[in-house]
Amino acid sequence: MAPYMNHLKFLQTISFVYVLVTVKIVAGSSVSHDEECSALFQFKQTIIHQYDAAYGSQVFHSWNTSFECCSWEGVACSNDHDQYYGHVIGLDLSERSLCGHINSNITLFSLVHLQRLNLSGNDFGESEIPYEIARLKQLRSLDLSYSRFSGQIPNGISQLMQLSSLDPSGNSLKLHNPSLKNMVQNLTWIEELHLYGVDISSSVPHFLANFSFLKSLQLSQCLLVNEFPVAILELPKLKFLDLAFNPNLTGSFPEFQMNNLLEEVILFSTGFFGIIPESISYLKHLTVLSLTECSFSGPIPGSVPSLDSLLKLDVLELNGNRFEKGRFPNWLRKLTKLSELFLCKMNINDEIPPFLANLTKLSMIEMWKNSLIGRIPSWLFNSTQLTDLDLMANQLQGPIPNTFSNFKSLQSLNLAVNNFSGRVELDMFLGLNKLQSLSLGYNKISLVPTNNYTNTTLPELESLGLSSCNLKEFPAFLRFQNKMDTLLLDQNNIHGLVPVWIWNNSRETLELINLSNNFITGFDQHPYFLPWTNLEAIFIIDNQVRGQLPIPPQTTVVYQVSYNNLTGEIPPWICELKSLRSLDLSFNNMSGTLPSCLGILCNSLMALKLRRNNFHGNMMNAFLTGGPLTQLDLSENRFTGQLPRSLTNCTNLEILSLEDNSFHEY
């Protein structure tokens, strides 16, 4: 018996020692308040401020070893008399212009009592999110959005089972291993799951429909695939759902219940389809409904289903679905809280209805690319709060009224591609000092230029479209525009030289200029290099431009100057345009041999067109396998020699035209 008792006492002793050691280990996993303050101060030492030294010093001004860290800016400590009393439970350093590298050794992860961590809106230099974040077991809220994190989201986040809010949106992150399914399956307390822009590349797990606490789900631009679990739309607390920009994600609406709490449903550019059910009228809390560029079908939502009970709607987007041809739905008259209305590409064949005048809070109206007929209604000009009006690509007619000058809040106006006619005074738009975008092109109007303005009263335009407006000269007010990114003056009657002052305008902002189909003969004080540093596309097709080819900046993607009177050779500088994808010099009087570097440039070009010039010698060589070239037109020149064998490498060619030259076989 004695040996047995001795053995039992030995086991008891071992068990006691084990328990004692375990307790010490658990106790050691915690940190004291002083250690937390020290960890925060060490974290400060690893972070630098990149953008504004004065502001940066203020961010951590209170973070000093001689002060109590609970009083430091952005730091919160618990005042509750529980196990967290006095410990650091919150850290908010959002939008402080901080930068630095977050790694596994950073002292932040020793704050094991932390419940709220917000590092959003900073710049952590493509750091990966360390696995050590799993040490923060008490986290309820984690916000790492828009802080330049990158790489795979670590599996450690799946261990933060107390999380109610998770937001790593707006970073270059992916969620492959672990997958979305593996990361969230244990986060059953989650209320806000925001993964905007995270590369998920998988289905949405069906078990999310069991997450009864979920209030906000944002999975926009996540490369989602397959069918969205429809039961998620019926979660009892769900208020916000954003699945935008997932074109390979399909789905349909369920039959909604009357107690549904949804406030925002954003399905912009997804594969959702089917007929909108009548039960959508039960979503009485809905403020935003965005169904743009989906595949919904059936009649334009009108009598069946009716949206007239959605009286809280603020934003309504129904653009570009597969609705049957119809008229404006009558229920619109009841949505008096609407501020944004988007009914583009909806197959509407109707006049603009007078009942829209009752929607006095509308600030944005976009109804482009329908079959709208009739004139612009007079009541519209009482809507002086409008900031955006887009009626492009319809069949509207009549004059453009001078009362547009009433829209003092207008920022964007697009009346292009209609049947408007008559004379239009440019004055009425130049007095709208908030105007940023104006497009009047492709109507039957004659634009009357003006000199009745001063530099201080002009709007600062970013985009101007005056195509086919019977202009005879460059509008003089353009000399004072310095922020433009788009200038469209094609298909007018502009004669003579491009004025010299245009080279000083919008040098750092202009991206697209189109001067095609005019009678332009050249450029005043002809520049060898075009001065716009961020230009991407330039079109001077079908003019009378003489002289040598001006070289655009290295940012240029499309350069088309066909049907002119250009002379001289192609300068070798053209090969410096590493972003160039389309070059069209056809129907000019250019000559000489092709620069030897052009063959290398062809390995990045998609289209090269040199038709009907006087080029001679050998054609370019050195084509690489699998290059993007789809169009090559060297016809009607004086090329000689053999066709290069490397031409067979151009496996993506769709158009090849070499006729009327003097090539010979191998």
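Look a little higher up for the structure.
Residues numbered from 1 in each chain as written. Predicted model: local features only at pLDDT ≥ 70, side-chain atom pairs only at ≥ 80, totals over all residues. Heavy atoms only, no water.

(A) A look at the state of the cysteines. All told, the structure shown has 3 disulfides when counted by the stated rule. Two residues, Cys-70 and Cys-77, share a disulfide whose sulfurs are 2.1 Å apart. The chirality of the disulfide connecting Cys-70 with Cys-77 is left-handed, given an S-S dihedral of about -95°. What makes Cys-70 partly exposed here is its relative accessible area of 29%. Sulfur-sulfur distance for the disulfide between Cys-575 and Cys-597 comes to 1.9 Å. Between Cys-575 and Cys-597, the S-S dihedral sits near 80°, and the bridge is therefore right-handed. Taken as a pair, Cys-575 in the loop between β38 (565-566) and β39 (582-584) and Cys-597 in the loop between β40 (591-592) and α6 (598-601) lie far apart in primary sequence, 22 residues in all. Residue class for Cys-575 comes out buried when judged on its relative accessible area of 8%. Disulfide connectivity for the protein chain, with bonded cysteines indexed by sequence position, reads 1-2, 3-4, 5-6. Cys-602 supplies the cysteine sulfur nearest to Cys-650, a cysteine that is in no disulfide, at a spacing of 7.6 Å. (Disulfide = S-S within 2.5 Å. Buried < 20%, exposed > 50% of the residue type's maximum accessible area, 1.4 Å probe, protein only. Helix = DSSP H or I, 4+ residues; strand = E, 2+ residues; numbered from the N terminus.)

(B) Up close: a nonpolar patch on the surface. Residues Tyr-528, Phe-529 and Trp-573 make up a contiguous nonpolar surface patch of about 320 Å² in total accessible area. Mapped onto the fold, Phe-529 is located in the loop between β34 (519-523) and β35 (537-539). (Patch = residues over 30% accessible without salt bridge, like charges linked within 9 Å, V, L, I, M, F, W, Y side chains within 5 Å. Areas by Shrake-Rupley, 256 points an atom, 1.4 Å probe, with all protein chains shown as cover. Salt bridge = Lys/Arg side-chain N within 4 Å of Asp/Glu carboxyl O.)

(C) Highlighting the sheet that holds strand β42 (residues 614-617). The parallel open sheet is built from 4 strands, whose spatial order is β40-β42-β44-β46. For this open sheet the edge positions go to β40 and β46 (662-664), each flanked by a neighbour on one side alone. Two strands pair when backbone bridges link them, and β42 and strand β44 (residues 638-642) are joined in this way by 2 bridges, in the parallel orientation. For His-616, the partnering residue across the bridge sits in β44 and is Arg-638. (Pairing = 2+ DSSP bridges.)

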